[in-house]
Each structure stands twice: as structure tokens, then as C-alpha cells.
Amino acid sequence: MDIGFLLDMDGVIYKGKELIKGADLFIKKLQEKKIPFLFITNNSQRSRRDVQLKLSKMGIDVSESNVFTCATATARFLAKQKPNASAYVIGDSGLMNALHDNNIANCDSDPDYVIVGEGTSFNMNMIEAATKMIMKGAKLIATNLDPNCPVADGIRPGCGAIVAMLETATGKKAFSMGKPSPIMFREARKELGVRTEKTFMVGDTMETDIIGGVEMGYRSILVLSGGTKKEDLNNFAYHPDKVIPSIYSLMDLPELN
């Protein structure tokens, strides 16, 4: 098989703590057919290993190498731009681990970058420190610009909301690596090892998954098992190649049979 899949997670594979019906069967089919796939997520809180464990507990047995996070995309890109760089980090362990894996050191004095990810541990002292560092020349980096994150009882502020505070305070714009950034999509496709026109992007969000796939020339598939409804498509100038109820509907995809 010369095709590959980039799969969003929340709203595609699971919703909250519940596996979406048939998602495990679709992953098993990809494994049986030896079709490469990556779970691609804008959540930088968890490491690739953490995500693997979460999926395993839901009955999806995959390798850590099947997980690709915005933290990984961010760390790899910055390591190429400035080897052995330093960064002041506002985020959790998933981001920290990705940066350390790419030889980017955590630093609270004159760092090269201020890097912002998701997290619940930040406070106004950290925002103040980051503001001063940015004004002294540190480059502001966002792992993604999602304004909020879904939680069990609604939403909480996401990486984009934290970044907005720093942008407003400093007058500097953040450079974002997460979906729909071509940096993340290109790096993920290269890891799949398939050509652009043979790459499927499956997601539930028009503003990140689908527009990213469309702009990269991937074959975009919108699932309606997450946050987007079919009538919402009228609000966008771009459309996915395919709209399906859930990922289980892809079991009959001609390329898989």
C-alpha cells in the first residue's frame, strides 16, 4: 500500500474518555494492511508515550512512533533552526520532554525562545517573566493557537488564549507550529513516508484539520463524530474531499479493500 493516514484524536478516535464506536476496528485494519498512520494532535501536555498509554487503555494497541504531537513538531523545527537552543517554557511535561529530546534546554535567563503549550500549571508570575524575556529579544513560539481545550464539563483556556496575553502585552506575534501550520503537516507526512497526494487527513475540525489538509494537498476527510455538524460546512469557503459520520465509515474505503 502506498497510502497513509494522519488521524486527529479527540472527536475522531475518542470523545472525552469514551472510544468512538468502530475506531479500534479501523486501526486494526490499517495494521493488518500494513498501512502507515499517525495520530496527530494539537495537545502538547502529554508525551508520545503518554498518548500511547491512553490509547492502550481504550483498547487501541499502537506504538509510540504512531503518535505525533505539536510539541514534537515544535521541538524538531526549532532544533533545526537553532541547534542547542534555550527556552523558557510555559507548558507541561509533554512539551518539556519533546524539547529535551531535541537538545533544547529549559532556561529562565535570556533564553532564545519563549515556548507556550497547553497546561494548568502556569500563573501570572510566569506570564510576567515571559513578557520581560520577549521584550529583551526572546522569540515567542506557540505549539498551537487553539483558543480552548475540551474537558469533561465543557472547555478551559487553551494555548492560544495564553499566547494572546503575551501578544497583547508585548506587541509581538507568536510563531505557531501546530495544526493547521504546514510545518506540522509536512513533518508528519514525511514521517509517514508517503507522497502528498496519497496522504489522508481525517479530522473533526474545519479550522485546523481540514484546512490544513486542503492547503497541503492531502485528501481531507471530515468526520461528524466530533465538534462539526454537516450544516456548519456552509460557513466555510473550502470543503473536505469527503464527509462521513465517523471513522468507522472508512472501513469501506476502496483504497483499503
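Our structure is the block above this text.
Basis of the calculations
Residues numbered from 1 in each chain as written. Predicted model: local features only at pLDDT ≥ 70, side-chain atom pairs only at ≥ 80, totals over all residues. Heavy atoms only, no water. Helix = DSSP H or I, 4+ residues; strand = E, 2+ residues; numbered from the N terminus. Contact = heavy atoms within 4.5 Å. Pairing = 2+ DSSP bridges. Axes fitted to C-alpha atoms, helices over the stretch in contact; angles between N-to-C directions. 1 Å grid on protein atoms, 1.4 Å probe; cavity = no way out; pocket = protein on both sides within 12 Å on 5 of 7 lines; lining within 4 Å. Points joined across faces, edges and corners; volume = space filled by probe spheres on them. Core = buried A, V, L, I, M, F, W, Y, C linked by side-chain atoms within 4.5 Å. Buried < 20%, exposed > 50% of the residue type's maximum accessible area, 1.4 Å probe, protein only. Nonpolar A, V, L, I, M, F, W, Y, C, P; charged D, E, K, R; others polar. Parallel < 35°, antiparallel > 145°, perpendicular 65-115°, else oblique. Left-handed = near helix turned anticlockwise from the far one by under 90°. Salt bridge = Lys/Arg side-chain N within 4 Å of Asp/Glu carboxyl O.

1. With respect to the side chain of T208
Summarising the element assignment, T208 is placed in helix 8 (residues 206–216). With residues near it in sequence (within four places) discarded, T208 still touches N42, D146, K179, P180 and F185.

2. Topic: the sheet that holds strand 6 (residues 86–90)
An order of 7-6-8-9-12 is seen for the five strands of this open sheet, with the pairing classed as parallel. The strands lining the two open edges of the sheet, one partner per strand, are strand 7 (105–106) and strand 12 (175–176). Strand direction decides the pairing type here: strand 6 and strand 8 (residues 113–116), joined by four bridges, are parallel. Bridge assignment links Y88 to a residue of strand 8, and that residue is V114. Sheet contacts for helix 3 (residues 70–81): strand 8, strand 9 (139–142) and strand 12; angle to strand 8, the most-contacted strand, approximately 170°. Sheet strands in contact with helix 6 (residues 159–170) are strand 6, strand 8 and strand 9, and its direction is about 145° off that of strand 8.

3. Details of empty space enclosed by the protein
One pass over the structure, following the stated rule, counts one cavity of 30 Å³ or more. Looking at the largest cavity, its volume works out to about 30 Å³. Lining the largest cavity we find I90, G91, D92, G117, E118, G119, S121 and F122.

4. Notes on the nonpolar core
By size, the foremost hydrophobic cluster in this structure holds 30 residues, and its most contacted members are F5, L7, I13, F26, I27 and F39. Broken down by element, this core gets its largest block of residues, four residues, from helix 1 (residues 23–32). By size, the runner-up hydrophobic cluster in this structure holds 17 residues, among which are I90, M126, I162 and L166.

5. Some thoughts on the layout of surface pockets
The calculated volume of the largest pocket comes to roughly 1,200 Å³. Contributing to the lining of the largest pocket are 38 residues, with D10, N43, N148, C149 and P150 lying nearest its centre. Residues belonging to the lining of the largest pocket are distributed by class as follows: twelve nonpolar, twelve polar and 14 charged. Of the volumes computed, that of the second largest pocket is approximately 170 Å³. Listed by contribution, the elements that provide at least two residues to the lining of the second largest pocket are helix 3 and helix 4 (93–101). Sort the elements by how many residues they give to the lining of the second largest pocket and helix 4 lands first, with four residues. In the lining of the second largest pocket, the residues fall into two nonpolar, six polar and five charged.

6. Details of the packing of helix 3 against helix 4
At a minimum axis separation of 8 Å, helix 3 and helix 4 run at an interaxial angle of 30°. Regarding the angle of helix 3 to helix 4, the classification is roughly parallel. Taken as a pair, helix 3 and helix 4 cross one another with a handedness that is right-handed. Between helix 3 and helix 4, the contacting residues are A71, T72 and A75 on the first element and G94, L95, A98 and L99 on the second. Each residue belonging to the contact of helix 3 with helix 4 can be placed in one class, and the counts come to five nonpolar, two polar and no charged.

7. A closer look at the pairing of strand 1 (residues 4–7)
Residues G4 and L6 point to one face of strand 1 and F5 and L7 to the other, with burial holding for every one of them. Note: strand 1 against strand 13 (residues 199–203), four bridges, orientation parallel. Note that in strand 13 the partner of F5 across the bridge is F200. Judged from the three bridges that link them, strand 1 and strand 4 (residues 37–41) form a sheet pairing that is parallel. When the bridges of strand 4 are listed, L6 appears paired with L38.

8. Notes on the pattern of salt bridges
Pairs may arise between side chains of opposite charge once their charged atoms sit close together. With the rule as written, the count across this model stands at twelve salt bridges. Two residues, K80 and E187, come together in a salt bridge whose shortest N-O distance is 3.5 Å. Placement of K80 in helix 3 and of E187 in helix 7 (residues 182–192) is noted, with a sequence separation of 107 residues between them. Salt-bridge contacts for E197 lead to R195; the nearest nitrogen and oxygen are separated by 2.7 Å. Judged by its relative accessible area of 43%, E197 falls in the partly exposed class.

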